[in-house]
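The chain contents come next:
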Amino acid sequence: MSNFIRQVIEADNASGKHGGKVVTRFPPEPNGYLHIGHAKSICVNFGLAQDYNGVCHLRFDDTNPVKEDVEYEDSIKEMVRWLGYSFDGHLYYASDYFSKLYEFAEHFIERGLAYVDSQSPEEMRANRGTFETPGTNSPFRDRSVSENLALFREMREGKHADGAHVLRLKIDMASPNINLRDPAIYRIRHTAHHRTGTTWCVYPLYDYTHCISDALERITHSLCTLEFEAHRPLYDWVLARLVESGKLTLPSPQQIEFARLNLTYTVMSKRKLIELVETGLVNGWDDPRLWTLAGLRRRGYTPASIRLFAERTGASKAHQWVDMIELERALREDLDATAARAMVVLDPIRVVIENWPEGHVELCSAPVHPHDESRGRRTFEISREVFIEREDFMEIPSKGFFRLVPGGEVRLRYGYIIKCERVEKDENGRVTTIVASYDPATKSGTQGGRNVKGAIHWVSRSDAIAAEVRLYDRLFTVENPDEGDGDYKDYVNPNSLQTVRAWCEPTLASAAADQSYQFERNGYFTPDRVDSKAGALVFNRAATLKDGWKP
RNA sequence: AGGGGAGUCGCCAAGUGGUAAGGCACCGGAUUUUGAUUCCGGUAUACGUAGGUUCGAUCCCUUCCUCCCCUGCCA
C-alpha cells in the first residue's frame, strides 16, 4: 500500500539522493518493555527497509544512564527477533558515539555555537519564556570560547556536581519554536552507564544525540512519531552546522514523522503500563491480557499476525485510533490458515449413549487441518460416555437453535448422530446428564449416510485428557480508558480472566508453547509458555472464533 | 509574538485538478460435519466549514471550526 513515507523514499530513489539506498532504524530507549505500539514502529522501519532492499538498524538510545538497564535491552532484542526481523551486523548503541559526540560538542563551542550555562534548572525554565513571549538570554551566554572550553572539559573531568552546569547550543532565545531556544545538549551525571561504565560523567541529550547518530550510521530516512515534529528544525540545524564544517557529509538523513498507534481498550503510556504491573492488576509484563509484545506472545499472538496488523493499519500523519477488532481479526486470519485443529470441551456436560455397548470403544479420525489434507489426520476414541459443551444443549431451545434439544438430533462431529432421549437433573434443576441414543449407520465418513443440520464438538470419556484453560477478555471495559475524568484503572474489567477445567482430545498431550491450535468451534489457543507442562497442560485463549449466531 | 501538525464511510486508509481504491466492521446470498473459514454481492452524489479560482476542486486560494503536539539538565 502507498503511504507518504514511501512517496518520499520513491522520490529520493528517483532523484538518486541516497544513491538508491534505504537505511532506517528502530531506536528504542532500553528503559521499558516493548508493546504493540512499538511493534508498529518496528514493522514500519524494518518493513520499509525490506521492501526497498535496504537495511534497518537496531539502535539503543542509551544516553540516560539513570533510567536504562541491560535487562530491557535483552528483552527488546528478543522481541524484535520474535517479530521476524534480523539486525545481524546492524546493532548499534548511541553510547558508541559518546566520543564523537563529545568531539563535536567541543567543535560547537569553538565555533561559538555552544556555551556552558550555569543557571539552575529553575532559572533556565524561567528564562525560556512561554509560548507567547520570547525567552531571555542566559547571563552566561556570552562566555568566551576558551572559558566555555575549559569549563566543559572540567565538566567532563568530573570537577562539577550534577546539575551545576549544562552545555547549550546558542541558537535563538526568541524563536517561536521553543526547541530552538538554546537547547541543552549535555548534562552532568555522576552515574555509571551500563555500557560505558564510569568513563563519562557528562551525557548528551536526545536532540543532539539522535540526529548525529543517524548521520554517523548514514541513515537515509529517520522515522519517528508526531511529537518530534517540532524538533525537526533542531535536528536539521545540528546536522547542517556539522556539514558546513566538513564534520559530516551530505546527504543528511531526513526525519519523517508519523502517527503513533492507539488501540481501543488499551493504554499505551509507559507510566500506566508500569502501574498496571506494579499494582498487581495484571500478573507481570507478560500477562496475556497485556498488549506488551511479551504478553501478546504468551497469549498466543503470532509474529505474522502482528505484521499483518501493522501493514493493514498503515502509517500516516492522522492520529489513529485503531479498533482492537482489527488486531483480533489479523490473528484469526493467520491462525485459521495455520493452526492445527482439536476438539476441547470447556464447560462439559456428560452424555451417556444408552444403546452403545458397555465397554465398547471405536476410533474416529479427523483432519489436522480441514483445508490441508497433507497435514495428516488425528484419531481419538468414542465410547458410551462423552462430554459435550453445556451451551450446545438447550432444554427449551430459543428460536433458530439447531444444536441438541430434547428429542432432537445432532451430529457429534467426526462421530455419530445422537438423539437426546431424556435428561437427568440434580436437586437444583441443573442438568447433570444427557441420556442419548446413537444411530450406528451414521458414522462420520460413511458414504451416503444421512445427516442433520447441527454438528457439535465433543470428547470421549475414555481418552480425554484434562487441562486448565484460561479464557481472557479485554482488560478494560471501555474503548478509551484514558477518556473522561475517572482514573483509567477504574475501568479494569473484573472478568478479564476466567479459568476453567476442560477436557481435551488426546492429541493435545504433546502440545508445546509456540504451537497454536484451533479448538473447534471455540477459538484459538496456545499452551502457556510459563505454566504449561507435560501432564499438566495450561492453555491460553488467544481469540474466540467469530460467532455469527444471534439467539 | 506563539510555533508545529491533522481533519476522506462506524474504525483504519489510498487518491492530491478530470469526476471517491482497498482493508476491518456491517448487511444480504452460496458452499460448509466448525452458526468458523471460503466465495459472491451490497454499503461515502461524497472528502471538517463557508466562500473563491476553474469547463471541471477531496486536490489550488481565502475564512472559520475541531482535535493533537511543544515551555525536561526525559526520549
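Presented here is an overview of the structure given in this document. Keep in mind that what you see is a predicted model, and the values were worked out from it rather than measured.

Turning our eyes to something else, we now look at the overall build of chain A. On a plain count of helices and strands, chain A comes out with twelve helices and 27 strands. For a compact globule of 551 residues, the expected C-alpha radius of gyration is about 24 Å, and chain A comes in at 31 Å, more than 25% above that figure. On the principal axes, the C-alpha backbone points of chain A span a range of 100 × 50 × 40 Å. Sorting the 551 residues of chain A into buried and exposed places 52% on the buried side.

A few words now on empty space enclosed by the protein. Throughout the structure, instances matching the rule amount to one cavity of 30 Å³ or more. Considering the residues around the largest cavity, the lining is formed by Tyr 206, Asp 207, His 210, Cys 211, Phe 228, His 231, Leu 234, Tyr 235 and Gln 255. Every element with two or more residues in the lining of the largest cavity is listed here: helix H7 (206-216) and helix H8 (232-244). Among the elements that make up the lining of the largest cavity, the one with the highest residue count is H7 (four residues). Grouping the amino acids of the lining of the largest cavity by side-chain chemistry returns five nonpolar, three polar and one charged.

What follows deals with the nonpolar core. By size, the foremost hydrophobic cluster in this structure holds 51 residues, and its most contacted members are Ile 36, Val 80, Leu 276, Trp 291 and Ile 306. Of the residues forming this core, the biggest block, six residues, is contributed by helix H2 (residues 36-51). Look past the residues within four positions of Val 80 in its chain and what remains in contact with it is Phe 26, Leu 34, Ile 42, Phe 46, Leu 58, Tyr 85 and Phe 87. Among the nonpolar cores identified, the runner-up in size contains 35 residues, and Val 116, Leu 149, Val 238 and Leu 248 belong to it.

Here the largest pocket defines a volume of roughly 890 Å³. At four residues, H2 tops the list of elements feeding residues into the lining of the largest pocket. Residues belonging to the lining of the largest pocket are distributed by class as follows: 16 nonpolar, eleven polar and ten charged. Volume-wise, the second largest pocket comes out at about 660 Å³.

Of note, Ser 496 is situated in the loop between strand E23 (465-472) and strand E24 (497-504). Since its relative accessible area comes to 2%, Ser 496 is described here as buried. Here the alpha-carbon distance between Ser 496 and Leu 404, two residues 92 residues apart in the chain, equals 30 Å. Excluding its chain neighbours within four sequence positions, the residues that come into contact with Ser 496 are Arg 289, Leu 471, Tyr 472, Asp 473, Arg 474 and Leu 475.

What follows is about the protein's contact with RNA strand B. Neighbouring RNA strand B are 71 residues; Gln 7, Ala 174, Ser 316, Arg 403 and Ser 444 lie closest to it. The protein-proximal atoms of RNA strand B, defined as those within 4 Å of the protein, are 62% sugar or phosphate. Ser 444 is positioned such that a nitrogen or oxygen atom in its side chain is 2.7 Å from a base oxygen of RNA strand B. Where the surface near RNA strand B is concerned, the elements lending two or more residues are helix H5 (121-127), strand E6 (184-188), helix H11 (303-313), strand E11 (320-322) and helix H12 (324-338). In terms of residues, the surface near RNA strand B owes the most to one element, H12, which gives four residues. Split into classes, the residues belonging to the surface near RNA strand B amount to 24 nonpolar, 22 polar and 25 charged.

Looking now at the sheet that holds strand E19 (residues 417-425). Taken in spatial order, the seven strands of this open sheet run E21-E18-E19-E20-E14-E17-E22, and their pairing is mixed. A single partner strand is all that each edge strand has here, and the edge strands are strand E21 (455-456) and strand E22 (458-460). When strand E14 (residues 348-353) meets strand E20 (residues 431-439), the two strands line up parallel, connected through four bridges. Bridge pairing in E20 links Ile 353 to Ala 436.

Looking now at the sheet that holds strand E2 (residues 55-60). Strands belonging to one sheet form pairs held by backbone hydrogen bonds; the direction of such a pair is parallel or antiparallel. In space, the three strands of this open sheet follow the order E1-E2-E3, with parallel pairing throughout. Two strands in the sheet have a free side with no partner beyond their single neighbour: strand E1 (23-26) and strand E3 (91-93). Strand-to-strand twist in this sheet, taken as the mean axis angle between neighbours without regard to direction, amounts to 35 degrees. Here four bridges tie E1 to E2, and the two strands are oriented parallel to one another. Counted as the bridge partner of Arg 25 is His 57 from E2.

Tallied over the full model, the rule gives 23 aromatic pairs. For the ring pair Phe 519 and Phe 525, a centre distance of 4.1 Å and an interplane angle of 10 degrees mean the geometry is stacked. Like Phe 525, Phe 519 is buried. An aromatic cluster of at least three residues, connected via ring pairs, comprises Phe 98, Tyr 102, Phe 108, Phe 152, Tyr 186, Trp 200, Tyr 203, Tyr 208 and Trp 237. The ring centre of Trp 237 lies 5.2 Å from the NZ or CZ of Arg 241, which sits over that ring.

The alternating pattern of strand E16 (residues 377-382) places Arg 378, Phe 380 and Ile 382 on a buried face, while none of Arg 377, Thr 379 and Glu 381, on the opposite face, is buried. Two elements, strand E15 (residues 362-367) and E16, share six bridges in a ladder whose sense is antiparallel. By the bridge assignment, Cys 364 is partnered in E16 with Phe 380.

In the segment running from Leu 250 into Pro 251, the intervening peptide bond is cis, with an omega of -5 degrees. Position of Pro 251 among the secondary structure elements: in the loop between H8 and strand E9 (254-258). A positive phi angle, close to 65 degrees, is found at Tyr 265, a residue other than glycine. By secondary structure assignment, the location of Tyr 265 is in the loop between strand E10 (261-263) and helix H9 (270-278). The exposure class of Tyr 265 is buried, given its relative accessible area of 14%. The backbone of Asp 514 shows a phi angle near 75 degrees, a positive value even though the residue is not glycine.

Right, let's get into the side chain of Arg 403. Relative to the elements of secondary structure, Arg 403 occurs in the loop between strand E17 (385-389) and strand E18 (409-412). Residue classification places Arg 403 among the buried residues on the basis of a relative accessible area of 15%. Reaching out from Arg 403, the side chain makes a polar contact with the side chain of Asp 392 at a distance of 3.0 Å. Ignoring any residue separated from it by four or fewer positions in sequence, one finds Arg 403 in contact with Glu 391, Asp 392, Glu 409, Val 410, Ile 456, Arg 521 and Trp 549.

Turning our eyes to something else, we now look at the side chain of Asp 117. With respect to the element layout, Asp 117 can be found in strand E4 (residues 114-117). Side-chain polar atoms of Asp 117 contact the side chain of Ser 138, separated by 2.8 Å. Only 3.0 Å separates the side chain of Asp 117 from the side chain of Arg 168, close enough to count as a polar contact.

Definitions and cut-offs
Residues numbered from 1 in each chain as written. Chains lettered and ligands numbered in written order. Predicted model: local features only at pLDDT ≥ 70, side-chain atom pairs only at ≥ 80, totals over all residues. Heavy atoms only, no water. Helix = DSSP H or I, 4+ residues; strand = E, 2+ residues; numbered from the N terminus. Rg over C-alpha atoms; globule rule 2.2 N^0.38 Å. Buried < 20%, exposed > 50% of the residue type's maximum accessible area, 1.4 Å probe, protein only. 1 Å grid on protein atoms, 1.4 Å probe; cavity = no way out; pocket = protein on both sides within 12 Å on 5 of 7 lines; lining within 4 Å. Points joined across faces, edges and corners; volume = space filled by probe spheres on them. Nonpolar A, V, L, I, M, F, W, Y, C, P; charged D, E, K, R; others polar. Core = buried A, V, L, I, M, F, W, Y, C linked by side-chain atoms within 4.5 Å. Contact = heavy atoms within 4.5 Å. Near = heavy atom within 4 Å. Polar contact = N/O pair within 3.5 Å; in protein donor to acceptor, adjacent residues only side chain to side chain. Pairing = 2+ DSSP bridges. Axes fitted to C-alpha atoms, helices over the stretch in contact; angles between N-to-C directions. Phe/Tyr/Trp six-rings, centres within 6.5 Å; stacked < 30°, edge-to-face > 60°. Lys NZ or Arg CZ within 6 Å of the ring centre and 35° of its normal.

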